[in-house]
Amino acid sequence: MFRIRKHRSVIAAAALTAGAALVLSGCSGGGSEPAATYDPNEKVTLNFAFWGNDVRAAMYDEAFKAFNEEYPNITVNTSFLGFPEFWEKRQTEAAGGGLPDVMQFDYSYLRQYSENGLLLDLDPYLGNIIDTEPIADNILQIGVVDGTTTGIATSTNAWGLYTNPKLLEQVGVDTYEGGGTWDDYQDWMQQVTDAGASQGIYGGTDWTARIQNFEIELRAEGSYLFSEDGEPGFDKARLAEFWESGAEARDGITIPQQQLEEVYPLSGFDAAKTASELTWDNFGAGYLGNLGESFTELGLVAPPVTVEGAKDLYLKPSMLHTISAKTDHPEAAATLVNFLVNSPEVGAAFGTNRGLPASETQLEGAELDGLDAQIRDYEASIEDRLGDAPPVPIVGAGTLEEKFRQIGQELGFGTLTVDEAVDQFFNEMDVVLNQ
Amino acid sequence: MTITKPAAAKRPEPGAAAGGPPARTAPPAKRDSRRRAARRRENVAGYGFLIPWLIGFLGLTLGPMIYSLYLSFTKYNLFADPKFVGFDNYIRMFTEDPQYVQSVQITLVYVLVGTPIKLAAALGIAMLLNYRNKGSGFFRSSFYAPSLIGASVSVAIVWRAMFNTGGPVDSSLSFFGIDLGGWVGNVSLVIPMMILLAVWQFGAPMVIFLAGLKQIPVELYEAAEVDGAGPFRKFKSVTLPMLSSVIFFNLLLETINAFQVFASAYIISNGSGGPAGMTNFYTLYLYKRGFADGQMGYAAAMAWVLVIAVAIIAFILFRTSNRWVHYAGESK
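Residues numbered from 1 in each chain as written. Chains lettered and ligands numbered in written order. Predicted model: local features only at pLDDT ≥ 70, side-chain atom pairs only at ≥ 80, totals over all residues.

An unreviewed UniProt entry lists chain A under the name Extracellular solute-binding protein, from Herbiconiux daphne.

Next up, the structure:
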């Protein structure tokens, strides 16, 4: 009797396990052919992840509200993090097979995720669920890795020089005109730092801590940062020369690294400690958000020129949207991507927070005034300097960019010499490029 | 089907067997075999109850550890399959990665300076609390409180705010004419700040010290007093020797803990390990290599070096302990 009961429980347990296995495999299988369209009566929940701050989160909330008016049966769960944390989390999810259905995506990780088959091939949805009419061909090409479209660029941005007119007025220095040589820019920063000494205001941040400034110098000389095969377009001597060129500025002109540490993850410009910063032009709205209500406008001008007449700048996708290859609802996810890329409502919600909208319909929806109009005009004004965009970044480009930034900090602290810094970066490159 | 009675009633007391070989006559063979069957059943039951734990141990601890040992000899970026590279990761660690060397250095400073200070503070305060005063219970709990909340995210955030330029620490020091500025962004002050944060969480060793102090017989102090010993002599000749086993226990535990400092460094530096890598402690660097850079093989190798290093240090502590640790009832 005792035995029988035992047997029964064993059988029950076995049945339960088998049932669970069936359910589990049923859940993860989902290998049906993609339907051409999303069935609007189907109740679907999608996970969506982005990097950003509260300002951007509020914009996404508005966008999803508009989305739900059109598609009430798709529930979107969102989560957001800062940029480095966002990628740490994605790395672990990617390894475990649990990426969010739809993601805001960065160019520098596109190749890595695409080559490892983590992103959904969007080609079956292009032209039907995802409307490609309003997007220029060269922008669609941005999301293509090895012949497969895995990302749709939402918008473009370009490298620019932001200035803070309110701080400049406080210290009584005229704004930087834009362009000029790196020496002109340094002299101007010197003026601001001298005039702002008593108020703790500096002219800017050491520009040699950002790999993008190195890239535009290399492009101006007809070279590049990395080729598609991962070959660097510079040698140790060139990198040493670049970091050396910031030595004078680090010595009392740009904001001391110690102060930057204290405000990190904000930049000196966010914290109203520097009057200028070289960065991507879509950062403006974020800057205004972080600077607070007492700051209402920013200046945006062209970065210094390395070689006259060179095509050193380029339009880069400021971000893309991608879909996880393992999503259970590819049609619904594609519907969401289409909405986020093309809808005028999203354009109205974001302005240029994500960069200048790439899709014409979205651009029409965006009421570009103030800063947004400034960014649009800026991208038009640098047309002569815009060259071809570099190839989709090599695997590990994000790691190298971060390493470059860290080394820049150590140069700022003086804990590394330029030669040591160059050796460290080349060591790291060696590891990353041979991964 | 034979029905056996529950074995527990006839089982000898477990303590009795341990007392030495029992000098009793051999029981009849039948009784012996029945007892053996009972014991076997008991073993089966014992292992049966252990199974959940064993599964956890094998599946969640031992398995991953062995896998990580394997990974430490590979290149593994989380996406593609691990690629075997022999000892490359270990070689790179010691010869080509200045950041690793820096990380080891600051971790050692943190452990070697921070742990003794923390233990001294814990012992000192435990001794103060050992007096039987009114309200000592209140003070005991309030001194323990920082350790309860110390490891939390919020305290590290508060700590960061306190030690920033213009924060409470900076302004009170300036008041006394010591102008150090903020500690958080200062390359040479950030480690002292991290050590202070660790020392401030002295509660756990303090409680253990307090228990140890309570165990010291009062007669020893009385006898010492009769012999004319002052407070310092009593501390040196009675308290320290009587407490040495507790000190050893705390030292071991706190040293191992200190090697694994992560959360406070991660939060105070916002995950960057800055300024200039001065809070890039071992486990933080390991985490960044693994999860931010996607170099899991390298991170696994780092983890194994840490395991081996901590094991060696624990071994050395044990070896030296018989020179200075006295256990009660042990003749010396």
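When helices and strands are tallied, chain B shows 14 helices and two strands. Residues classed as buried in chain B amount to 28% of the 332 residues present. Partitioning the intrachain contacts of chain B with sequence separation of at least 6 by distance along the chain shows that 67% fall at a separation of at least 24. (Helix = DSSP H or I, 4+ residues; strand = E, 2+ residues; numbered from the N terminus. Buried ≥ 20, exposed ≤ 12 C-beta atoms within 10 Å, placed from the backbone. Contact = placed C-beta atoms within 7 Å.)

On to the overall build of chain A. A count of helical and extended segments in chain A gives 18 helices and 11 strands. Going through the 435 residues of chain A one by one, you find that 47% of them count as buried. Within chain A, contacts between residues at least 6 apart in sequence are counted, and of these 76% link residues at least 24 apart.

What follows is about the domain arrangement of chain A. All names here are of chain A. Looking at the assigned domains, one finds that chain A contains domain 1 (44-156 + 316-380) and domain 2 (159-315 + 388-433). Relative placement of domain 1 and domain 2: their C-alpha centres are 27 Å apart. The element contributing the most residues to the side of domain 1 that touches domain 2 is helix α4 (residues 107-115), with seven residues. Split into classes, the residues belonging to the side of domain 1 that touches domain 2 amount to nine nonpolar, 11 polar and five charged. (Domains from an automatic or database assignment. Nonpolar A, V, L, I, M, F, W, Y, C, P; charged D, E, K, R; others polar.)

This next bit is on helix α2 (residues 54-70) of chain A. All names here are of chain A. Along its 17 residues, α2 runs 25 Å from first to last C-alpha, staying within 8% of the 24 Å computed at 1.5 Å per residue. Among the residues of α2, those classed as buried are R56, M59, Y60, A63, F64 and F67. The buried residues of α2 occupy an angular sector of 135° when the element is viewed end-on, so they sit on one face. Exposed residues on α2 whose side chains face more than 90 degrees from its buried face are D54, D61, K65 and E69. Buried residues in α2 make contact with β1 (44-51), β2 (74-81), α13 (330-342) and α14 (344-350). (Expected span 1.5 Å × (residues − 1). Arc of directions from axis to C-beta.)

Before going further, it helps to examine the pairing of β2(A). Residue and element names in this part refer to chain A. Taken together, the eight bridges between β1 and β2 define a ladder with parallel strand orientation. When the bridges of β2 are listed, W51 appears paired with L81. As for the winding sense of the linkage, the β-α-β connection from β1 through α2 to β2 is right-handed. (Pairing = 2+ DSSP bridges. Right-handed = clockwise from strand over helix to strand, strands pointing away.)

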